[in-house]
Amino acid sequence: MGKTEKNELLSETVSERRKYKVKTTEEAKKITLAFLKPILLDIKSLSLGLPEIHDRYDNWNVPVLDNSTVIGSVSIDAFSGKINEELSTKLSLFKKRAVTVNNKQTGKTVKEKFKFIVSNLSNTIVEGKAENALRNIPEQSVDLIFTSPPYYNARKEYSEYESYEEYLDTMRDIIQQCKRVLINGKFFVINSSHVLVPRASRNESSTRIPVPFDLHQIFMDEGFEFVDDIIWQKPEGAGWASGRGRRFSADRNPMQYKAVPVTEYVMVYRKKPAPLIDNFIRKNPNQDIVLKSKIDDDYEKTNVWYISPARDKRHPAIFPNELAEKVIKYYSFVNDVVLDPFGGIGTTAKSAAKLGRRFYSIESSTQYVSATRSDLEINQNLLNNNFDYTYLNLTNLPDVEPKKSLRHTIKELLANGVTSEELIQRLNKD
Ligand SMILES: C[S@@+](CC[C@H](N)C(=O)[O-])C[C@H]1O[C@@H](n2cnc3c(N)ncnc32)[C@H](O)[C@@H]1O
(Lines give C-alpha, C1' and ligand atoms only; values in the text may rest on other atoms or scores of the structure.)
Protein backbone atom coordinates (compact mmCIF):
# COMPACT_ATOMS: atom_id res chain seq x y z
CA MET A 1 0.00 0.00 0.00
CA GLY A 2 1.38 3.45 -0.97
CA LYS A 3 1.81 6.31 1.53
CA THR A 4 -1.16 8.23 0.06
CA GLU A 5 -3.53 5.28 0.32
CA LYS A 6 -2.36 4.45 3.85
CA ASN A 7 -2.82 8.06 4.97
CA GLU A 8 -6.24 8.22 3.33
CA LEU A 9 -7.33 5.07 5.17
CA LEU A 10 -6.01 6.26 8.53
CA SER A 11 -7.55 9.74 8.23
CA GLU A 12 -10.87 8.27 7.15
CA THR A 13 -11.16 6.05 10.17
CA VAL A 14 -10.27 8.90 12.58
CA SER A 15 -12.61 11.26 10.71
CA GLU A 16 -15.50 8.85 10.97
CA ARG A 17 -14.94 7.97 14.59
CA ARG A 18 -14.80 11.62 15.63
CA LYS A 19 -17.53 12.71 13.26
CA TYR A 20 -15.41 15.38 11.54
CA LYS A 21 -17.07 17.64 8.99
CA VAL A 22 -13.97 17.35 6.77
CA LYS A 23 -13.45 13.64 6.29
CA THR A 24 -11.24 13.12 3.23
CA THR A 25 -8.04 14.51 1.76
CA GLU A 26 -10.04 15.62 -1.31
CA GLU A 27 -12.37 17.74 0.85
CA ALA A 28 -9.37 19.26 2.64
CA LYS A 29 -7.80 20.16 -0.73
CA LYS A 30 -11.05 21.79 -1.96
CA ILE A 31 -11.29 24.01 1.12
CA THR A 32 -7.61 24.95 0.76
CA LEU A 33 -7.98 25.96 -2.89
CA ALA A 34 -10.97 28.17 -2.01
CA PHE A 35 -8.87 29.89 0.67
CA LEU A 36 -5.97 30.42 -1.76
CA LYS A 37 -8.22 31.82 -4.51
CA PRO A 38 -7.04 35.47 -4.13
CA ILE A 39 -3.44 34.47 -4.93
CA LEU A 40 -3.94 31.63 -7.41
CA LEU A 41 -3.31 33.87 -10.40
CA ASP A 42 -0.05 35.20 -8.89
CA ILE A 43 1.52 31.79 -8.29
CA LYS A 44 1.84 30.05 -11.62
CA SER A 45 2.82 26.52 -10.68
CA LEU A 46 1.00 26.16 -7.37
CA SER A 47 0.07 22.66 -6.27
CA LEU A 48 -1.06 20.98 -3.06
CA GLY A 49 0.83 18.30 -1.18
CA LEU A 50 -0.71 15.42 0.74
CA PRO A 51 -3.20 16.66 3.38
CA GLU A 52 -2.63 15.01 6.75
CA ILE A 53 -4.94 14.86 9.72
CA HIS A 54 -3.46 15.76 13.11
CA ASP A 55 -5.82 13.77 15.30
CA ARG A 56 -4.29 15.24 18.46
CA TYR A 57 -5.48 18.72 17.49
CA ASP A 58 -8.37 17.77 15.22
CA ASN A 59 -7.07 19.73 12.27
CA TRP A 60 -5.95 19.07 8.72
CA ASN A 61 -2.61 20.34 7.51
CA VAL A 62 -2.31 20.88 3.76
CA PRO A 63 1.17 21.62 2.33
CA VAL A 64 1.26 24.22 -0.46
CA LEU A 65 3.95 23.91 -3.15
CA ASP A 66 5.26 26.06 -5.94
CA ASN A 67 7.44 24.37 -8.53
CA SER A 68 7.66 21.33 -6.20
CA THR A 69 9.03 23.48 -3.35
CA VAL A 70 6.97 23.81 -0.17
CA ILE A 71 6.06 27.48 0.33
CA GLY A 72 3.82 27.03 3.38
CA SER A 73 0.74 25.18 4.61
CA VAL A 74 -2.92 25.66 5.37
CA SER A 75 -4.63 24.41 8.51
CA ILE A 76 -8.32 23.45 8.57
CA ASP A 77 -10.40 22.79 11.66
CA ALA A 78 -11.69 19.25 11.06
CA PHE A 79 -14.95 19.78 12.97
CA SER A 80 -16.07 23.06 11.38
CA GLY A 81 -14.21 22.99 8.04
CA LYS A 82 -13.05 26.56 8.70
CA ILE A 83 -9.49 27.73 7.99
CA ASN A 84 -7.44 28.21 11.14
CA GLU A 85 -5.65 31.37 10.04
CA GLU A 86 -3.34 31.43 13.05
CA LEU A 87 -1.89 28.06 12.08
CA SER A 88 -1.78 28.79 8.33
CA THR A 89 0.85 30.61 6.30
CA LYS A 90 -0.21 34.20 5.55
CA LEU A 91 -1.37 34.79 1.96
CA SER A 92 1.20 37.58 1.52
CA LEU A 93 3.98 35.21 2.61
CA PHE A 94 2.94 32.57 0.06
CA LYS A 95 3.37 35.23 -2.65
CA LYS A 96 6.77 36.38 -1.38
CA ARG A 97 8.07 32.81 -1.08
CA ALA A 98 6.85 31.98 -4.58
CA VAL A 99 8.94 34.87 -5.95
CA THR A 100 12.04 33.52 -4.16
CA VAL A 101 11.41 30.00 -5.45
CA ASN A 102 11.03 31.24 -9.00
CA ASN A 103 14.15 33.37 -8.82
CA LYS A 104 16.05 30.30 -7.66
CA GLN A 105 14.55 28.18 -10.43
CA THR A 106 15.94 30.48 -13.13
CA GLY A 107 19.07 28.90 -14.50
CA LYS A 108 18.52 25.72 -12.50
CA THR A 109 19.41 22.52 -14.31
CA VAL A 110 16.68 20.00 -14.98
CA LYS A 111 16.43 17.30 -12.27
CA GLU A 112 18.63 14.37 -13.26
CA LYS A 113 17.19 10.87 -13.43
CA PHE A 114 18.40 8.68 -10.55
CA LYS A 115 21.40 6.56 -11.50
CA PHE A 116 22.59 3.78 -9.20
CA ILE A 117 26.37 4.05 -8.84
CA VAL A 118 28.52 1.08 -7.82
CA SER A 119 32.01 2.33 -6.90
CA ASN A 120 35.01 0.41 -8.16
CA LEU A 121 37.33 1.52 -5.35
CA SER A 122 38.95 -1.30 -3.41
CA ASN A 123 40.33 -1.34 0.15
CA THR A 124 43.03 1.31 0.43
CA ILE A 125 45.26 2.72 3.16
CA VAL A 126 46.80 6.06 2.25
CA GLU A 127 49.67 7.68 4.08
CA GLY A 128 49.46 11.41 3.44
CA LYS A 129 47.51 14.55 4.18
CA ALA A 130 43.76 14.41 3.59
CA GLU A 131 43.72 17.76 1.76
CA ASN A 132 46.20 16.36 -0.81
CA ALA A 133 45.19 12.70 -0.97
CA LEU A 134 41.46 13.33 -1.45
CA ARG A 135 42.25 14.96 -4.80
CA ASN A 136 43.37 11.50 -5.97
CA ILE A 137 39.92 9.95 -5.50
CA PRO A 138 37.45 9.96 -8.41
CA GLU A 139 34.23 11.97 -8.20
CA GLN A 140 31.20 10.15 -6.72
CA SER A 141 33.07 6.99 -5.75
CA VAL A 142 32.43 6.84 -1.98
CA ASP A 143 29.21 5.67 -0.26
CA LEU A 144 29.78 6.89 3.29
CA ILE A 145 32.22 9.20 5.06
CA PHE A 146 32.75 8.71 8.78
CA THR A 147 35.49 10.66 10.46
CA SER A 148 36.74 12.58 13.42
CA PRO A 149 39.05 15.44 12.47
CA PRO A 150 41.57 17.03 14.81
CA TYR A 151 39.58 19.30 17.15
CA TYR A 152 41.62 22.38 16.24
CA ASN A 153 44.75 22.33 18.43
CA ALA A 154 43.40 20.08 21.17
CA ARG A 155 46.07 17.43 20.47
CA LYS A 156 49.31 19.08 19.50
CA GLU A 157 50.92 15.67 19.08
CA TYR A 158 49.23 15.26 15.71
CA SER A 159 48.28 18.70 14.41
CA GLU A 160 48.87 22.33 15.21
CA TYR A 161 47.30 25.13 13.20
CA GLU A 162 48.56 28.70 13.16
CA SER A 163 45.11 30.07 13.93
CA TYR A 164 41.53 28.87 14.33
CA GLU A 165 40.60 30.53 11.03
CA GLU A 166 43.38 28.67 9.25
CA TYR A 167 42.07 25.41 10.78
CA LEU A 168 38.53 26.15 9.54
CA ASP A 169 39.83 26.97 6.04
CA THR A 170 41.57 23.57 5.92
CA MET A 171 38.43 21.82 7.18
CA ARG A 172 36.35 23.63 4.53
CA ASP A 173 38.75 22.50 1.80
CA ILE A 174 38.57 18.89 3.04
CA ILE A 175 34.75 19.01 3.34
CA GLN A 176 34.56 20.33 -0.25
CA GLN A 177 36.78 17.50 -1.50
CA CYS A 178 34.77 14.97 0.49
CA LYS A 179 31.61 16.30 -1.12
CA ARG A 180 33.13 15.81 -4.57
CA VAL A 181 34.01 12.14 -3.93
CA LEU A 182 30.77 11.27 -2.11
CA ILE A 183 27.93 9.84 -4.21
CA ASN A 184 24.92 12.21 -4.42
CA GLY A 185 22.46 11.61 -1.60
CA LYS A 186 24.90 9.64 0.58
CA PHE A 187 25.91 10.44 4.15
CA PHE A 188 28.80 12.30 5.79
CA VAL A 189 28.93 11.59 9.53
CA ILE A 190 31.41 13.63 11.56
CA ASN A 191 32.37 13.33 15.21
CA SER A 192 33.72 16.40 17.00
CA SER A 193 33.53 18.24 20.25
CA HIS A 194 34.06 21.69 21.74
CA VAL A 195 37.62 22.48 22.70
CA LEU A 196 38.82 23.87 25.99
CA VAL A 197 41.62 26.41 25.71
CA PRO A 198 43.34 26.43 29.11
CA ARG A 199 43.93 29.76 30.82
CA ALA A 200 47.32 31.33 30.19
CA SER A 201 47.75 32.64 33.75
CA ARG A 202 45.97 32.86 37.11
CA ASN A 203 44.47 36.22 36.06
CA GLU A 204 42.79 34.83 33.00
CA SER A 205 40.00 32.34 32.49
CA SER A 206 39.89 29.35 30.20
CA THR A 207 37.80 29.64 27.03
CA ARG A 208 35.89 27.15 24.93
CA ILE A 209 35.75 26.96 21.14
CA PRO A 210 32.51 25.51 19.74
CA VAL A 211 34.21 23.51 16.94
CA PRO A 212 31.09 21.42 15.99
CA PHE A 213 29.02 24.57 15.52
CA ASP A 214 31.57 26.18 13.20
CA LEU A 215 31.96 22.92 11.25
CA HIS A 216 28.16 22.78 10.99
CA GLN A 217 28.14 26.20 9.32
CA ILE A 218 30.68 24.97 6.77
CA PHE A 219 28.52 21.93 5.96
CA MET A 220 25.56 24.26 5.41
CA ASP A 221 27.58 26.69 3.24
CA GLU A 222 28.88 23.82 1.15
CA GLY A 223 25.40 22.55 0.30
CA PHE A 224 24.92 19.56 2.56
CA GLU A 225 21.55 18.71 4.05
CA PHE A 226 21.51 18.58 7.86
CA VAL A 227 20.06 15.25 9.04
CA ASP A 228 20.78 14.59 12.72
CA ASP A 229 22.78 15.66 15.75
CA ILE A 230 23.57 12.52 17.66
CA ILE A 231 24.94 12.95 21.16
CA TRP A 232 27.62 10.47 22.09
CA GLN A 233 27.34 10.29 25.88
CA LYS A 234 30.22 8.89 27.92
CA PRO A 235 30.20 7.85 31.59
CA GLU A 236 30.63 10.73 34.07
CA GLY A 237 34.19 9.76 34.97
CA ALA A 238 35.35 10.54 31.43
CA GLY A 239 34.41 14.22 31.88
CA TRP A 240 36.27 14.98 35.09
CA ALA A 241 39.57 14.33 33.31
CA SER A 242 39.04 17.60 31.39
CA GLY A 243 39.43 19.59 34.64
CA ARG A 244 36.25 21.52 33.86
CA GLY A 245 33.90 21.77 36.80
CA ARG A 246 36.54 21.02 39.46
CA ARG A 247 36.72 24.59 40.74
CA PHE A 248 32.98 24.80 41.23
CA SER A 249 32.91 21.39 42.83
CA ALA A 250 35.33 22.67 45.48
CA ASP A 251 34.02 26.25 46.05
CA ARG A 252 30.34 26.17 45.03
CA ASN A 253 30.11 29.88 44.24
CA PRO A 254 27.40 31.05 41.85
CA MET A 255 28.68 32.07 38.41
CA GLN A 256 31.63 29.72 38.78
CA TYR A 257 29.45 26.84 37.67
CA LYS A 258 30.82 24.88 34.70
CA ALA A 259 29.20 21.69 33.43
CA VAL A 260 31.50 18.67 33.26
CA PRO A 261 31.56 17.69 29.57
CA VAL A 262 30.56 14.06 28.99
CA THR A 263 29.29 14.32 25.43
CA GLU A 264 30.58 14.67 21.91
CA TYR A 265 28.64 15.36 18.74
CA VAL A 266 28.13 12.89 15.93
CA MET A 267 26.66 15.16 13.25
CA VAL A 268 24.94 13.60 10.26
CA TYR A 269 24.74 15.31 6.85
CA ARG A 270 23.60 14.21 3.40
CA LYS A 271 25.10 15.33 0.11
CA LYS A 272 22.78 17.38 -2.08
CA PRO A 273 21.32 16.81 -4.64
CA ALA A 274 19.75 14.13 -2.50
CA PRO A 275 17.47 11.66 -4.31
CA LEU A 276 14.84 9.89 -2.20
CA ILE A 277 16.47 7.28 0.06
CA ASP A 278 13.98 4.78 -1.33
CA ASN A 279 15.87 4.86 -4.65
CA PHE A 280 18.99 3.42 -3.00
CA ILE A 281 16.90 0.53 -1.67
CA ARG A 282 14.46 -0.28 -4.46
CA LYS A 283 16.82 0.44 -7.35
CA ASN A 284 19.78 -1.48 -5.95
CA PRO A 285 20.50 -4.07 -8.67
CA ASN A 286 21.62 -6.50 -5.97
CA GLN A 287 18.62 -7.03 -3.69
CA ASP A 288 20.54 -9.74 -1.85
CA ILE A 289 22.83 -6.97 -0.51
CA VAL A 290 19.81 -4.97 0.64
CA LEU A 291 18.60 -7.99 2.63
CA LYS A 292 22.03 -8.67 4.10
CA SER A 293 22.35 -5.04 5.23
CA LYS A 294 19.17 -5.02 7.35
CA ILE A 295 19.69 -3.86 10.93
CA ASP A 296 18.50 -6.05 13.80
CA ASP A 297 16.21 -5.03 16.68
CA ASP A 298 18.64 -3.62 19.23
CA TYR A 299 19.42 -0.44 17.30
CA GLU A 300 19.72 3.05 18.84
CA LYS A 301 16.21 4.50 18.98
CA THR A 302 17.09 8.01 20.13
CA ASN A 303 19.77 10.58 19.35
CA VAL A 304 21.60 9.91 22.63
CA TRP A 305 24.03 7.02 22.34
CA TYR A 306 25.65 5.80 25.58
CA ILE A 307 29.10 4.47 24.64
CA SER A 308 32.26 4.26 26.78
CA PRO A 309 35.37 5.84 25.27
CA ALA A 310 38.03 3.48 23.92
CA ARG A 311 41.70 3.40 24.86
CA ASP A 312 44.71 2.30 22.88
CA LYS A 313 48.32 2.98 23.86
CA ARG A 314 49.13 3.73 20.24
CA HIS A 315 46.74 6.72 19.77
CA PRO A 316 45.28 9.30 22.19
CA ALA A 317 41.83 9.77 20.62
CA ILE A 318 40.31 6.79 18.86
CA PHE A 319 36.74 5.84 18.09
CA PRO A 320 35.21 3.08 20.19
CA ASN A 321 34.52 0.16 17.79
CA GLU A 322 30.89 0.29 18.91
CA LEU A 323 30.49 3.85 17.63
CA ALA A 324 32.11 3.14 14.26
CA GLU A 325 30.10 -0.05 13.80
CA LYS A 326 26.78 1.62 14.56
CA VAL A 327 27.43 4.47 12.12
CA ILE A 328 28.57 2.09 9.37
CA LYS A 329 25.57 -0.22 9.84
CA TYR A 330 23.02 2.62 9.92
CA TYR A 331 24.31 4.62 6.96
CA SER A 332 25.81 2.14 4.47
CA PHE A 333 25.05 -1.16 2.76
CA VAL A 334 27.23 -4.26 2.62
CA ASN A 335 29.99 -3.83 -0.04
CA ASP A 336 29.75 0.00 0.09
CA VAL A 337 32.93 2.11 0.26
CA VAL A 338 33.50 3.84 3.61
CA LEU A 339 35.99 6.72 3.62
CA ASP A 340 37.76 8.13 6.67
CA PRO A 341 40.00 11.10 5.72
CA PHE A 342 41.44 11.30 9.28
CA GLY A 343 41.91 7.57 9.73
CA GLY A 344 44.06 7.45 12.90
CA ILE A 345 44.81 3.81 13.68
CA GLY A 346 42.05 2.71 11.32
CA THR A 347 39.03 2.08 13.55
CA THR A 348 36.65 3.03 10.72
CA ALA A 349 38.55 0.84 8.22
CA LYS A 350 38.66 -2.20 10.52
CA SER A 351 34.97 -1.85 11.45
CA ALA A 352 34.04 -1.47 7.78
CA ALA A 353 35.93 -4.66 6.86
CA LYS A 354 34.34 -6.53 9.77
CA LEU A 355 30.89 -5.51 8.50
CA GLY A 356 31.60 -6.52 4.88
CA ARG A 357 32.08 -2.98 3.58
CA ARG A 358 35.11 -1.69 1.63
CA PHE A 359 37.36 0.93 3.25
CA TYR A 360 39.47 3.90 2.18
CA SER A 361 41.50 5.38 5.02
CA ILE A 362 43.77 8.45 4.86
CA GLU A 363 46.14 9.36 7.70
CA SER A 364 49.09 11.74 7.81
CA SER A 365 51.10 10.11 10.60
CA THR A 366 53.42 7.24 9.61
CA GLN A 367 53.16 5.80 13.09
CA TYR A 368 49.33 5.56 13.02
CA VAL A 369 49.37 4.16 9.46
CA SER A 370 51.76 1.41 10.63
CA ALA A 371 49.44 0.58 13.53
CA THR A 372 46.48 0.34 11.11
CA ARG A 373 48.42 -1.90 8.74
CA SER A 374 49.58 -4.26 11.41
CA ASP A 375 46.01 -4.67 12.73
CA LEU A 376 44.72 -5.35 9.22
CA GLU A 377 47.46 -7.91 8.68
CA ILE A 378 46.56 -9.77 11.87
CA ASN A 379 43.03 -10.13 10.50
CA GLN A 380 44.32 -11.21 7.06
CA ASN A 381 46.17 -14.01 8.81
CA LEU A 382 42.80 -15.29 9.95
CA LEU A 383 42.18 -15.74 6.18
CA ASN A 384 39.65 -12.96 6.09
CA ASN A 385 39.81 -11.40 2.60
CA ASN A 386 37.76 -8.38 3.66
CA PHE A 387 40.95 -7.09 5.30
CA ASP A 388 43.16 -7.22 2.14
CA TYR A 389 44.18 -3.74 1.01
CA THR A 390 46.46 -1.61 -1.16
CA TYR A 391 48.87 0.78 0.55
CA LEU A 392 49.55 4.14 -1.11
CA ASN A 393 52.26 6.49 0.06
CA LEU A 394 51.15 9.98 -1.00
CA THR A 395 53.37 11.93 1.38
CA ASN A 396 55.21 13.47 -1.58
CA LEU A 397 52.16 15.08 -3.14
CA PRO A 398 52.53 18.87 -3.34
CA ASP A 399 50.76 20.69 -0.50
CA VAL A 400 47.50 22.38 -1.44
CA GLU A 401 47.04 25.73 0.29
CA PRO A 402 43.40 26.09 1.38
CA LYS A 403 41.61 29.15 0.04
CA LYS A 404 40.86 31.88 2.55
CA SER A 405 37.10 31.78 3.22
CA LEU A 406 34.76 34.77 3.11
CA ARG A 407 34.32 34.47 6.89
CA HIS A 408 38.10 34.52 7.39
CA THR A 409 38.49 37.56 5.09
CA ILE A 410 35.70 39.46 6.84
CA LYS A 411 37.19 38.69 10.27
CA GLU A 412 40.56 40.04 9.13
CA LEU A 413 39.02 43.23 7.72
CA LEU A 414 37.09 43.82 10.94
CA ALA A 415 40.23 43.18 12.98
CA ASN A 416 42.02 45.80 10.83
CA GLY A 417 39.49 48.48 11.70
CA VAL A 418 37.03 48.25 8.79
CA THR A 419 33.54 48.69 10.27
CA SER A 420 30.68 46.34 9.42
CA GLU A 421 28.75 49.27 7.86
CA GLU A 422 31.66 49.98 5.50
CA LEU A 423 31.86 46.31 4.63
CA ILE A 424 28.16 46.07 3.80
CA GLN A 425 28.44 49.24 1.69
CA ARG A 426 31.41 47.82 -0.23
CA LEU A 427 29.58 44.51 -0.84
CA ASN A 428 26.44 46.27 -2.06
CA LYS A 429 28.33 48.58 -4.44
CA ASP A 430 27.97 46.34 -7.50
C1 LIG B 1 40.73 12.31 16.12
S2 LIG B 1 41.99 11.45 15.34
C3 LIG B 1 41.14 10.17 14.51
C4 LIG B 1 41.26 8.86 15.19
C5 LIG B 1 40.50 7.74 14.49
N6 LIG B 1 39.08 8.01 14.46
C7 LIG B 1 40.75 6.39 15.13
O8 LIG B 1 39.80 5.77 15.62
O9 LIG B 1 41.90 5.97 15.16
C10 LIG B 1 42.46 12.52 14.04
C11 LIG B 1 43.56 11.98 13.17
O12 LIG B 1 43.80 12.86 12.09
C13 LIG B 1 45.17 12.82 11.75
N14 LIG B 1 45.45 14.03 10.96
C15 LIG B 1 45.68 15.30 11.39
N16 LIG B 1 45.79 16.13 10.34
C17 LIG B 1 45.63 15.37 9.22
C18 LIG B 1 45.61 15.65 7.83
N19 LIG B 1 45.81 16.89 7.38
N20 LIG B 1 45.40 14.64 6.97
C21 LIG B 1 45.21 13.37 7.41
N22 LIG B 1 45.23 13.04 8.72
C23 LIG B 1 45.42 14.03 9.61
C24 LIG B 1 45.87 12.75 13.08
O25 LIG B 1 47.17 12.21 12.96
C26 LIG B 1 44.91 11.86 13.88
O27 LIG B 1 45.32 10.52 13.84
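Data block above holds the structure.
Notes on the structure in this doc start here. (Residues numbered from 1 in each chain as written. Predicted model: local features only at pLDDT ≥ 70, side-chain atom pairs only at ≥ 80, totals over all residues. Heavy atoms only, no water.)

### A look at helix α12 (residues 347-354)
Turning to step 1, where the next piece is worked out: Of all the 8 residues making up α12, 7 are buried; the element is thus mostly covered by neighbouring parts of the structure.
Turning to step 2, where the next piece is worked out: The complete set of buried residues in α12 reads Thr347, Thr348, Ala349, Lys350, Ser351, Ala352 and Ala353.
Turning to step 3, where the next piece is worked out: As for α12, its buried residues are in contact with β6 (142-147), α11 (321-331), β13 (337-340), β14 (358-363) and α13 (366-380).
Turning to step 4, where the next piece is worked out: Where α12 terminates, the next one or two residues include Gly356, which has phi positive at roughly 75 degrees. (Buried < 20%, exposed > 50% of the residue type's maximum accessible area, 1.4 Å probe, protein only. Helix = DSSP H or I, 4+ residues; strand = E, 2+ residues; numbered from the N terminus. Contact = heavy atoms within 4.5 Å.)

### As for the pattern of salt bridges
Turning to step 1, where the next piece is worked out: Summed over the entire model, instances satisfying the criterion amount to 21 salt bridges.
Turning to step 2, where the next piece is worked out: Ionic pairing is found between Asp399 and Lys129, a salt bridge with its closest N-O pair at 3.3 Å. With Asp399 in the loop between β15 (390-393) and α14 (406-415) and Lys129 in the loop between β5 (124-127) and α4 (130-133), the pair connects residues that are 270 residues apart, well separated along the chain.
Turning to step 3, where the next piece is worked out: The class of Asp399 is exposed, set by a relative accessible area of 55%.
Turning to step 4, where the next piece is worked out: Put simply, Asp288 and Lys292 hold a salt bridge, and the shortest N to O gap is 4.0 Å. (Salt bridge = Lys/Arg side-chain N within 4 Å of Asp/Glu carboxyl O.)

### Observations concerning the site of the ligand
Turning to step 1, where the next piece is worked out: Ala130, His315, Ile345, Thr347 and Glu363 are the nearest of the 22 residues found near the ligand.
Turning to step 2, where the next piece is worked out: The separation between a nitrogen atom of the ligand and a polar side-chain atom of Glu131 is 2.9 Å.
Turning to step 3, where the next piece is worked out: Between Ser364 and the ligand, the recorded distance is 3.3 Å, taken from a backbone N or O atom to a nitrogen atom.
Turning to step 4, where the next piece is worked out: Contact with the protein chains covers 97% of the free accessible surface of the ligand, which is 600 Å².
Turning to step 5, where the next piece is worked out: Counted by class, the shell around the ligand contains 11 nonpolar, 8 polar and 3 charged residues. (Near = heavy atom within 4 Å. Polar contact = N/O pair within 3.5 Å; in protein donor to acceptor, adjacent residues only side chain to side chain. Areas by Shrake-Rupley, 256 points an atom, 1.4 Å probe, with all protein chains shown as cover. Nonpolar A, V, L, I, M, F, W, Y, C, P; charged D, E, K, R; others polar.)

### Concerning the pairing of β14
Turning to step 1, where the next piece is worked out: For β14, the buried fraction is high: 6 of the 6 residues fall into the buried class.
Turning to step 2, where the next piece is worked out: Pairing of β5 with β14 involves 4 bridges; the strand directions are parallel. Across the sheet, Val126 pairs through a bridge with Ile362, a residue of β14.
Turning to step 3, where the next piece is worked out: Here 4 bridges tie β13 to β14, and the two strands are oriented parallel to one another. Bridging across to β14, Val338 finds its partner in Phe359. (Pairing = 2+ DSSP bridges.)

So, to be careful, I would describe these as geometric facts and stop short of saying anything about function.
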